[in-house]
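So the chains spell out like this:
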Amino acid sequence: MFSPYRPGEFKERIVIQDEILVDDDMGGHTVELVDIFRGWALVRPRTGNERREDDRVFDYHSYLIVIRNYQSINIQLTARIKWRNEDFNIRAVNYRGTDNLYIELDCEKGVAL
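Here is a short report on the structure shown in this document. For clarity, every value in this text was computed on a predicted model and none was experimentally measured.

**Description of the overall build of the protein**
Item 1. If you tally the helices and strands in the protein, you get zero helices and six strands.
Item 2. Each helix and strand of the protein, ordered N terminal to C terminal, gives the series β-β-β-β-β-β.
Item 3. Principal axes of the C-alpha set define a box for the protein whose edges measure 55 × 45 × 20 Å.
Item 4. Put simply, the protein has 113 residues, and 33% of those count as buried.
Item 5. Across the protein, contacts joining residues at least 24 apart in sequence account for 52% of those joining residues at least 6 apart.
Item 6. For the protein, the accessible surface area stands at approximately 7,900 Å², while carbon and sulfur atoms represent 45% of it.
Item 7. Measuring between centres, the 16 positive side-chain charges of the protein sit 9 Å from its 20 negative side-chain charges.

**Examining the environment of Tyr5**
Item 1. Inspection of the secondary structure assignment puts Tyr5 in the segment before β1 (12–23).
Item 2. For Tyr5, a relative accessible area of 7% translates into the label buried.
Item 3. In terms of polar contacts, Tyr5 uses its side chain to reach the side chain of Glu104, at 2.3 Å.

**Focus on the environment of Gly39**
Item 1. Following the sequence through the fold, Gly39 ends up in strand β2 (residues 29–53).
Item 2. Separated by 14 residues in sequence, Gly39 and Asp25 place their C-alpha atoms 34 Å apart.
Item 3. The contacts of Gly39, once residues within four sequence positions are left out, are Glu12, Arg13 and Ile14.

**Here's the deal with the sheet that holds strand β5 (residues 86–96)**
Item 1. If you walk around this closed barrel you meet the six strands as β1-β2-β3-β6-β5-β4, and the pairing is antiparallel. Direction aside, neighbouring strands of the sheet carry axes that sit 45° apart on average.
Item 2. Two strands pair when backbone bridges link them, and β1 and β2 are joined in this way by 12 bridges, in the antiparallel orientation. Looking at the pairing, Asp23 lines up with His29 of β2.

Here is what the cut-offs are and how they apply
- Residues numbered from 1 in each chain as written.
- Predicted model: local features only at pLDDT ≥ 70, side-chain atom pairs only at ≥ 80, totals over all residues.
- Heavy atoms only, no water.
- Helix = DSSP H or I, 4+ residues; strand = E, 2+ residues; numbered from the N terminus.
- Buried < 20%, exposed > 50% of the residue type's maximum accessible area, 1.4 Å probe, protein only.
- Contact = heavy atoms within 4.5 Å.
- Areas by Shrake-Rupley, 256 points an atom, 1.4 Å probe, with all protein chains shown as cover.
- Lys, Arg positive; Asp, Glu negative; His and termini not counted.
- Charge placed at Lys NZ, Arg CZ, Asp CG, Glu CD.
- Polar contact = N/O pair within 3.5 Å; in protein donor to acceptor, adjacent residues only side chain to side chain.
- Pairing = 2+ DSSP bridges.
- Axes fitted to C-alpha atoms, helices over the stretch in contact; angles between N-to-C directions.

Remember, this is a structural readout, not a statement about activity or role.
So this is what it looks like as structure tokens:
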């Protein structure tokens with residue numbers, strides 16, 4: 001069977017975090033980030049863009065981040081990825097490979113989280 005990725009390509013350590021609501025002492029809720037995955041990933045840059053607006057530079061970079069599919073992980077679009085001290089928004093979650101062996105995450109850096 002054909003696998004779209006080789007195990008040796010998964011060289012980067014990432015952390016996937018998601019938001020949960022936690023009760024505070026005043027009867028309300030606060031949002032906390034919880035690690036839902038720590039592990040090895042394949043990280044590939046896709047596109048980049050930079051523009052100047054009101055004497056400020058805005059940049060946007062798109063990445064493909066691939067991890068192995070573990071049955072215990074449930075990635076939502078509200079989650080974010082930390083890689084090399086950078087935060088990434090998840091824009092799409094795709095399953096690939098035989099028996100959905102891999103999870104492809106279309107991510108972007110350089111936008112508000």
